[in-house]
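Examination of the molecular architecture
The primary structure of each chain is shown beneath.
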Amino acid sequence: MGSIQIQQLTKSFGDTEVLKGIDLDIKDGEFLILVGPSGCGKSTLMNSIAGLEEVTSGDILIDGDNVTDLSPKERDIAMVFQSYALYPTMSVSRNISFGLEMRKLPKAEIESTVAKVAKLLQIEHLLDRKPSQLSGGQRQRVAMGRALARDPRVFLFDEPLSNLDAKLRVEMRTEIKKLHKRLGTTIVYVTHDQVEAMTLADRIAVMKDGQVQQFGTPYEIYNNPANRFVADFMGSPPMNFIECVVLDDKLVIDTQGEKHELHVANGDRLSQAGLDTVILGIRPEMMTEPKPHVAGALVHNIPMQVDVIEPMGPDTIAFGQWNSVEVQARLSPEAGVEAQEKGSICLQVDTSKAVLFDAFSGARIL
Amino acid sequence: MSSLTRTQRLYKALFITLLLFFALVYLAPLYVMLSTSFKGIEEIRSGNILALPSSLNGSAWTKAWSSACTGGDCYGLAPYFWNSMRIVLPALIISTAIGALNGYVLSQWRFAGSNFLFGALLFGCFIPFQVILLPMAKLLAWLGLANTVSGLVLVHVIYGLAFTTLFFRNYYVGIPAELVRAARLDGAGFFAIFRHIFLPLSTPIVVVSVIWQFTQIWNDFLFGVVYSGPGTQPITVALNNLVNTTMGGKEYNVDMAAAIIAALPTLVVYLVAGKYFVRGLTAGAVKG
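Residue positions are given per chain, counting from 1 as you read along its sequence in written order. Note on labels: chains are lettered from A, ligands numbered from 1, in written order. Under the rules for a predicted model, residues below a pLDDT of 70 receive no local features and side-chain atom pairs below 80 are neither given nor counted, while totals for whole chains, interfaces and linings still include all residues.

Some words on the overall build of chain B
- Counting from the N terminus, the helices are DSSP H or I runs at least four residues long and the strands are E runs at least two residues long. The helix and strand inventory of chain B stands at 13 helices and zero strands.
- For chain B, the α and β elements follow one another from N to C terminus as α-α-α-α-α-α-α-α-α-α-α-α-α.
- For a compact globule of 288 residues, the expected C-alpha radius of gyration is about 19 Å, and chain B comes in at 24 Å, more than 25% above that figure.
- Dimensions along the principal axes, computed over C-alpha positions, put chain B at roughly 75 × 70 × 30 Å.
- With C-beta atoms placed from the backbone, a residue counts as buried when 20 or more other C-beta atoms lie within 10 Å of its own, as exposed when 12 or fewer do, and as partly exposed for counts between those limits. Classification of the 288 residues of chain B by burial places 36% in the buried group.
- What counts as a contact here is a pair of residues whose C-beta atoms, placed from the backbone, lie within 7 Å. Considering only intrachain contacts with a sequence separation of at least 6, the fraction spanning at least 24 residues in chain B is 77%. The globule rule is 2.2 Å times the number of residues to the power 0.38, and the radius of gyration it is compared with is taken over C-alpha atoms.

Following this line, the structure appears as structure tokens:
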């Protein structure tokens, strides 16, 4: 069991308010990701859950028990640190067993737990080594082993993969997901990497300036962002933000000296809002080369001058300008080559998943 | 070697000659002391100070150790050697232990005002011995520790704490705070973290502290002469008395042997643990 409720949590360092009233309800067995740019308070929030940081006000409940004033030891939480924080003078096996020793478990039980965890993480051959004799990936495994051995109510992961090289990071990511599926223990995981957030999470809390901007499933966060910040933060290449003049229920795109009109879903609500301009948010994958069998009121054909292309392998990103703003379109590799040769492309733009933001506040309109 | 040009070879030769010269200058007193201590008194009077002894005569050493007169008593340096040990060892152990704990708190368990406290402690490194002589004498008398070994131990512990705290604090600052956090989540408390995580990492800095404190306390003369009684004088004070006590002619061979005996323990400590000394002083962050 390991549900967590965070209620109106605030934390200040002197005059600086780092957490400004956080409310989160994390279900038992859930994989929750805290994501946001550096300085957004995600690590402070995690340390508060761990009990390593005292909170200024608000409550933290684990399984309904208020643990706000309990020491880390009493919260039954295990954490994996960014630097792994392995005890340098202890062998791998002692690193794993240290927490059990401190809790005065019987020796036989400690030994069988270490053996079990080592087998699970495939580090049996490393048990007698010192942390300094391990590679980055092996240290990562030992750090996870130390957390697993305790069999806690909640696991906390503080950017655990950021010190690994790209390939290993992807491998370990999958491994962590498999591990979670197998153990079913609640995980709170901090990262600034939106790909990690999307791939791992059951739910994501996107944070900025000490506040939760949006709390939802990866699908909701990606397709239905609460504001411009969330839309911008999640997704790579990022969403295009194009300031457009509103013409009744349509938007105007100015490109290569011509004006084109864009229909959007729920256009009647746009015309009722009575705004002169809005920010159109549209993801690059909704701006492609013309594809057959795709048609409808929300599918348009609009040309774009191609300034630069960036082949990614499976697809190619084309950079151009609409309304004097840089936009990115996602083309097939073949279309990318053609677009570069011609210097322009007629894009097929699907606005069915486009979102609209207030030009000033960045708040979501439609 | 053959690739060196003539000028380079000349410079190298010059360089080595200079080094040898200074080494010689530096070692000359030690040589004189050693050779003199093995000469008989007649040989010293008649011979050259730089000449080697004609035969190895150990009688000056035996006399310096067990029968030379220091003031009124004629028991040699031996009793004072053990006095010094009885002062140095407890003072050394206590000041290193407390310094380690201080450093641990000041680096990893910061509290409001801990930086000020550290600054104030550092100030202790710069207070000259003479300044505290009188107030400390008062304090020792008040505590009933005047002229006792315990009193001298206390003085040296207090004076050494500033240094040992500085050593340990600066060493422990390099240990990542995440280690402490990890240990706290593992259920370890203040002392368990110190014992299981910090102490095993501390060998180099413990050695630094031990060498430093041993040398300081063993070599101390001022506190020794001021705060000791007749039966509790350390070896430095006894050496002074021995050299200044003359019955008939001055026995240079005994004086030299006594001086070497008095200096030997610090030399041994440095030779045994010296390689850690430099390593400990220069050690930076601890690699995990």
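A look at the overall build of chain A
- Helix and strand content of chain A: 11 helices and 21 strands.
- Projected onto its principal axes, the C-alpha positions of chain A cover 80 × 45 × 35 Å.
- A buried classification covers 41% of the 366 residues belonging to chain A.
- In chain A, the share of contacts with a sequence separation of at least 24, taken over all contacts with a separation of at least 6, comes to 67%.

So, the domain arrangement of chain A
Residues and elements named next belong to chain A.
- Boundaries between domains were set according to an automatic or database domain assignment. Segmentation of chain A into domains returns domain 1 (4–233) and domain 2 (240–357).
- The distance between the C-alpha centroids of domain 1 and domain 2 comes to 39 Å.
- Each partner contributes to the interface: domain 1 provides five residues, whereas domain 2 provides six residues.
- Note on residue categories: nonpolar means Ala, Val, Leu, Ile, Met, Phe, Trp, Tyr, Cys or Pro, charged means Asp, Glu, Lys or Arg, and polar means any other residue, Gly included. A class-by-class count of the residues in the side of domain 1 that touches domain 2 yields two nonpolar, two polar and one charged.

A closer look at the interface of chain A and chain B
- Facing 21 residues of chain A, the contacting portion of chain B comprises 17 residues.
- Elements that contribute at least two residues to the side of chain A that touches chain B include exactly helix H2 (72–75), strand E6 (77–80) and helix H3 (92–102) of chain A.
- Among the residues forming the side of chain A that touches chain B, the class breakdown is 15 nonpolar, four polar and two charged.

Observations concerning the sheet that holds strand E20 (residues 344–350) of chain A
Residues and elements named next belong to chain A.
- What makes two strands pair is DSSP finding at least two bridges between them. Spatial strand order, E15-E20-E16: three strands in an open sheet with antiparallel pairing. Looking along the sheet, the strands with just one partner apiece sit at the ends: strand E15 (287–288) and strand E16 (299–305).
- Pairing of E16 with E20 involves seven bridges; the strand directions are antiparallel. Pairing of Gln-305 across the sheet is with Ser-344, part of E20.

Things to note about helix H5 (residues 136–149) of chain A
Residue and element names in this part refer to chain A.
- The span you would expect from a helix comes to 1.5 Å times its residue count less one. Here H5 is 14 residues long and its end C-alpha atoms lie 20 Å apart, about the 20 Å a rise of 1.5 Å per residue gives.
- A large share of H5 lies buried, amounting to 11 of its 14 residues.
- Of all the residues in H5, the buried ones are Arg-139, Gln-140, Arg-141, Val-142, Ala-143, Met-144, Gly-145, Arg-146, Ala-147, Leu-148 and Ala-149.
- At its buried positions, H5 is contacted by E6, H3, helix H4 (107–120), strand E7 (154–158) and helix H6 (166–183).
- Trailing H5 by a residue or two, Asp-151 shows a phi angle of about 50°, which is positive.

A short note on the sheet that holds strand E17 (residues 308–311) of chain A
Residue and element names in this part refer to chain A.
- Here three strands make up an open sheet; going across it, the order is E17-E18-E19 and the pairing antiparallel. On the outer flanks of this sheet lie E17 and strand E19 (325–331), each paired with one strand and no other. Going from strand to strand, the sheet's axes swing by 25° on average, the running direction of each strand aside.
- Pairing geometry for strand E18 (residues 316–322) and E19, over seven bridges, is antiparallel. Opposite Thr-316, over in E19, you have Leu-331 as the bridge partner.
- Only the stretch in contact is used when a helix axis is fitted, and all axes are lines through C-alpha atoms; the angle between N-to-C directions ranges over 0 to 180 degrees. This element, helix H11 (residues 333–342), spans E17, E18 and E19 of the sheet and lies at about 155° to E17.

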